[in-house]
Amino acid sequence: LVEAHPNHSRGWNNLGTCLRVIFELEAAEAALNEALRVDPGYADAVYNLATLEFDAGDLAAAERWWRRYLELDPDSDWARTAARGLQFVAMRATPRG
């Protein structure tokens, strides 16, 4: 799809999601970033980048993407999941003592 329609943000997002499932994380990130190049406000790609970064252990990047997602789509079901992700990141950043 993306070869035939390189400006199809949903196609890039779907490709990135599929690549993430098979642990092709660098290629998944590139595809999701391409989705955002085509459509910078594409909330699904932003959310998927947040989860990719979270799974990779980059909590700072996940936090940035989740915050961006909540700016774009604050009332969706996924927004609640993003908010929980932000809570988790905040708990991890809080020193225990």
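It should be noted that the structure appears before, not after, this text.
Because the structure is a prediction, the values reported are computed rather than measured. (Residues numbered from 1 in each chain as written. Predicted model: local features only at pLDDT ≥ 70, side-chain atom pairs only at ≥ 80, totals over all residues. Heavy atoms only, no water.)

Chemist: Could you give an account of helix H2 (residues 25-38), with specific residues and numbers?
Modeler: Taking 1.5 Å of rise per residue, 14 residues should cover 20 Å, and H2 covers 20 Å from first to last C-alpha, within 8% of that figure. Turning to H2, its buried residues number three or more, namely Ala28, Ala31, Leu32, Ala35 and Leu36. Seen from one end, H2 has its buried residues packed into an arc of 145°, which puts them on one side. Buried residues along H2 sit in contact with helix H1 (9-21), helix H3 (43-56) and helix H4 (59-72). (Helix = DSSP H or I, 4+ residues; strand = E, 2+ residues; numbered from the N terminus. Expected span 1.5 Å × (residues − 1). Buried < 20%, exposed > 50% of the residue type's maximum accessible area, 1.4 Å probe, protein only. Arc of directions from axis to C-beta. Contact = heavy atoms within 4.5 Å.)

Chemist: Talk me through the environment of Glu71; I want residue IDs and the actual numbers.
Modeler: Position of Glu71 relative to the elements: it lies in helix H4. Here Glu71 falls in the exposed class, since its relative accessible area comes to 57%.

Chemist: Lay out the packing of H2 against H3 in plain terms, naming residues and giving numbers.
Modeler: Orientation of H2 relative to H3, taken along the N-to-C sense of each, is 155°, at an axis distance of 9 Å. Our classification of the angle between H2 and H3 gives roughly antiparallel. Once H2 is placed against H3, the crossing between them reads as left-handed. Where H2 abuts H3, its residues Leu25, Ala28, Glu29, Leu32, Asn33, Ala35 and Leu36 lie against Ala45, Val46, Asn48, Leu49, Leu52 and Glu53. When grouped by side-chain class, the residues that make up the contact of H2 with H3 number nine nonpolar, two polar and two charged. (Axes fitted to C-alpha atoms, helices over the stretch in contact; angles between N-to-C directions. Parallel < 35°, antiparallel > 145°, perpendicular 65-115°, else oblique. Left-handed = near helix turned anticlockwise from the far one by under 90°. Nonpolar A, V, L, I, M, F, W, Y, C, P; charged D, E, K, R; others polar.)

Chemist: I'd like a rundown of the packing of aromatic side chains, residues and numbers included.
Modeler: Aromatic rings in a pair are described by how distant their centres are and how their planes are angled relative to each other. Under the criterion given, the structure shown has four aromatic pairs. Look at Phe54 and Trp66: their rings are 5.5 Å apart centre to centre, the planes differ by 45°, and that puts the pair in the tilted class. Of this pair, Phe54 sits in helix H3 while Trp66 is found in helix H4, placing the two residues twelve residues apart along the sequence. Judged by relative accessible area, which is 29%, Phe54 ranks as partly exposed. Residue Trp66 is classed as buried on the basis of its relative accessible area of 4%. Here the aromatic rings of Phe54 and Phe88 are separated by 5.5 Å at their centres, their planes lie at 75°, and the arrangement is edge-to-face. Of this pair, Phe54 sits in helix H3 while Phe88 sits in helix H5 (residues 77-93), and the two are 34 residues apart along the sequence. On the basis of relative accessible area, Phe88 is assigned to the partly exposed category, the value being 31%. (Phe/Tyr/Trp six-rings, centres within 6.5 Å; stacked < 30°, edge-to-face > 60°.)

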